[in-house]
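# Fold and geometry: a report
Residue strings, one per chain:
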Amino acid sequence: MMDAALIPEGAKRCSFPKFMLGIAIVGAVLLWGVYAMLLCWFKGLNQTNMNDYYGFALWIWADLAVIALGGGAFFTGLLKYIFKVDELKNIINFAVIIGFICYSSALLILAIDIGQPLRGWFIFWHANVHSMLTEVAFCLSCYFAVLTIEFIPNILENRQLNKVPFFHHLAHNMHGTMAVFAATGAFLSFFHQGSLGGVAGVMYGRPFAVREGLLIWPWSFFLFTWSAAAFGPCFTLLVTRITEAVTGKKLVKDNVIHLLAKISGWMIVTYMIAKLIDTWYWAYYTAPGLGFELSHFYTNNGFYGYWILVAEIIVCGVIPGLLLINKSTRENPNFRLIAIILAVIGVSLNRWVMVLQIMAVPVMPFDTWALYIPSWQEVATTILPVAYGIILIAFAYRYLPVFPQELELNQSKVQES
Amino acid sequence: MFPFIFEWVWDIGHVLFFGGFWYAIGILGAGMTYCIVKSAIDAMNDTGDNHH
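To keep things clear, this report deals only with the structure shown in the data block. The model shown is predicted, which means the values in this text are computed figures rather than measured ones. (Residues numbered from 1 in each chain as written. Chains lettered and ligands numbered in written order. Predicted model: local features only at pLDDT ≥ 70, side-chain atom pairs only at ≥ 80, totals over all residues.)

### A short note on the overall build of chain A
Secondary structure assignment for chain A yields 16 helices and two strands. On C-alpha atoms alone, chain A measures out to a radius of gyration of 22 Å, which is about the 22 Å that the 2.2 N^0.38 rule sets for 417 residues. Overall, chain A is about 70 × 55 × 40 Å in size when its C-alpha atoms are taken along their principal axes. A buried classification covers 46% of the 417 residues belonging to chain A. Pairs at least 24 residues apart make up 78% of the contacts formed inside chain A by residues separated by at least 6 positions. (Helix = DSSP H or I, 4+ residues; strand = E, 2+ residues; numbered from the N terminus. Rg over C-alpha atoms; globule rule 2.2 N^0.38 Å. Buried ≥ 20, exposed ≤ 12 C-beta atoms within 10 Å, placed from the backbone. Contact = placed C-beta atoms within 7 Å.)

This is how it looks when you write it as structure tokens:
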């Protein structure tokens with residue numbers, strides 16, 4: 001293989017042409033998204049179907065969803081470096097890479113959403129300190145820096161880079177101080193994940209979203225942070241499973257997977273208890289107090305029915321939580337896979353409800369439901385991060401020692417080759 | 001107003017927002033500076049500490 005010198009020692013990878021063919025296929029999808037992104041930048045946001053009545057493009061849901069799914073990085077880092085759950089060292093590299101992809105995607109989406117990315121720095125220079133979204137922008141930028149810092153040692157462990165003494169020592173020293181960076185990342189994540197929920201919770205003009213809370217923070221602030229920590233690890237587990245399926249190799253030992261699934265399961269169950277209480281209180285006290293019955297939010301339209309409430313809370317919330325806390329279902333690969341897929345759908349559905357359904361529900365007597373159909377440019381720019389993520393994972397897996405247990409788990413295959 | 005924070009006002013909102021922001025930036029900057037300087041020294045001394 002022409003790139004053999006870059007591949008981790010002892011690791012078996014597909015041939016370079018086969019690898020590049022895969023990259024080219026996914027790269028075509030990436031270019032489609034880039035084309036749509038450039039259209040939005042050069043022609044403006046008229047490329048979307050947003051208007052004065054409905055101001056959230058499809059990509060805003062994707063933005064909140066990837067931030068929630070990327071929460072696996074901060075939570076796994078917190079467990080590994082602060083709570084010293086040492087087994088997670090075998091999956092932390094991959095969790096960081098997934099987090100890096102999610103957060104860089106989120107920043108890219110925001111760069112598209114603001115329409116004029118050249119003015120992106122205005123949020124720092126002319127900061128509105130009364131806005132939760134300003135806090136989100138600050139924390140998001142800083143946390144992306146944290147993820148970059150956490151990713152760098154893994155890059156420097158590349159077979160060739162690691163031969164350079166300075167890079168070798170830098171990787172070593174960064175590993176040594178990683179607890180400081182992980183703690184900073186947890187601090188930043190707590191606030192930006194929370195503030196994204198807080199934005200919905202303080203919308204006093206939107207009875208579907210508004211919540212009571214603690215001091216300046218609505219309950220949705222805490223629910224968002226909690227859900228990101230709970231469901232994020234499921235996305236890490238899901239992408240790990242997909243990577244194992246694509247590579248045809250076992251990459252992480254079962255005890256590590258079981259442990260992360262168990263922690264995630266208990267986080268989901270506790271989150272769902274809080275979410276059920278929150279939903280019940282909102283449905284019976286908050287919304288009626290503002291003049292709205294529950295049925296107002298789920299009837300008289302062609303899409304948003306009670307099904308979405310049941311799907312989010314029961315099917316994709318309570319059920320995966322119970323499957324993951326139960327030892328027999330957690331350790332059964334099929335049930336575990338079902339649980340983590342449902343969990344990933346569940347948190348994405350929650351973000352959909354808390355972003356897009358909020359905007360769709362009529363508020364004034366003369367309002368109608370705003371059932372939004374995104375333009376192809378919105379769809380393409382929403383798929384763009386997926387293609388980018390696949391490419392980055394492919395390169396990372398090929399050239400970096402991402403999975404410390406890979407060689408041990410695939411010893412027989414290495415010997416055969 | 002500071003050169004690096006345009007429109008600075010001495011109120012609780014600005015102190016909390018920018019205090020938290022620069023606190024995080026400060027930790028990351030100090031942490032990375034420590035790692036880079038130590039790595040440069042280690043590389044020059046070639047301590048042979050090659051395992052982690």
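### Overview of the overall build of chain B
Assigned secondary structure in chain B consists of one helix and zero strands. With 52 residues in all, chain B has 10% of them scored as buried.

### Examining the interface of chain B and chain A
Tallying the contact residues gives 24 residues for chain B and 26 residues for chain A. Taken together, the residues of the side of chain B that touches chain A break down into 13 nonpolar, six polar and five charged. (Nonpolar A, V, L, I, M, F, W, Y, C, P; charged D, E, K, R; others polar.)

### A word on helix α2 (residues 58-69) of chain A
For the α-helix, the turn length of 3.6 residues means that residues three or four positions removed from each other point alike. Residues and elements named next belong to chain A. Between its first and last C-alpha, α2 extends 17 Å over twelve residues, near the 16 Å set by a 1.5 Å rise per residue. Taken across its twelve residues, α2 has twelve buried, putting it largely inside the fold. Along α2, the positions that sit buried rather than exposed are L58, W59, I60, W61, A62, D63, L64, A65, V66, I67, A68 and L69. (Expected span 1.5 Å × (residues − 1).)

### Topic: helix α3 (residues 71-82) of chain A
Residues and elements named next belong to chain A. With twelve residues, α3 extends 16 Å from end C-alpha to end C-alpha; this agrees with the ideal 16 Å at 1.5 Å per step. Within α3, eleven of the twelve residues are buried, leaving the element largely enclosed by the surrounding structure. The set of residues buried in α3 consists of G71, G72, A73, F74, F75, T76, G77, L78, L79, K80 and Y81. Looking at the buried residues of α3, the elements they touch are α2, α4 (92-113), α6 (132-156), α8 (178-201), α9 (219-247) and α10 (254-289). Downstream of α3 by a residue or two, K84 has a phi angle that is positive, lying close to 55°.

### With respect to the packing of α2(A) against helix α14 (residues 376-399) of chain A
Residue and element names in this part refer to chain A. Look at α2 against α14: their axes get within 8 Å of each other, and the N-to-C directions meet at 20°. In terms of axis orientation, α2 runs roughly parallel to α14. With respect to the hand of their crossing, α2 and α14 are arranged in right-handed fashion. Together, L58, W59, A62 and V66 of α2 and E378, V379, T381, T382 and P385 of α14 make up the contact between the two elements. Considering only residue class, the contact of α2 with α14 consists of six nonpolar, two polar and one charged. (Axes fitted to C-alpha atoms, helices over the stretch in contact; angles between N-to-C directions. Parallel < 35°, antiparallel > 145°, perpendicular 65-115°, else oblique. Left-handed = near helix turned anticlockwise from the far one by under 90°.)

### Here we look at the nonpolar core
Core analysis: the largest hydrophobic core is formed by 125 residues, its most contacted members being A:I97, A:I98, A:Y143, A:V146, A:L147, A:F231 and A:A343. When residues no more than four places from it in sequence are discounted, the contact partners of A:I97 are A:F151, A:I393, A:A396 and A:V402. (Core = buried A, V, L, I, M, F, W, Y, C linked by C-beta atoms within 7 Å.)

### Notes on the environment of A:N350
Residue and element names in this part refer to chain A. Along the chain, the position of N350 falls in helix α13 (residues 333-360). Separated by 37 residues in the primary sequence, N350 and I313 place their C-alpha atoms 8.5 Å from one another. In this structure, N350 is in contact with S227 and E312, ignoring residues within four places of it in sequence.

### So, unusual backbone geometry
All names here are of chain A. Residues other than glycine seldom take positive phi values, yet K84 does so here, at roughly 55°. Assignment of secondary structure puts K84 in the loop between α3 and α4. Residue N300 is not a glycine yet carries a positive backbone phi of 65°. A count of 11 C-beta atoms within 10 Å places N300 in the exposed class.

### Re the environment of A:L260
All names here are of chain A. Inspection of the secondary structure assignment puts L260 in helix α10. Given 28 C-beta atoms within 10 Å, L260 falls into the buried group. Taking the C-alpha atoms as reference points, L260 and T48, separated by 212 residues in sequence, lie 39 Å from one another. Setting aside chain neighbours within four positions, we find L260 in contact with L88, I91, P233 and L237.

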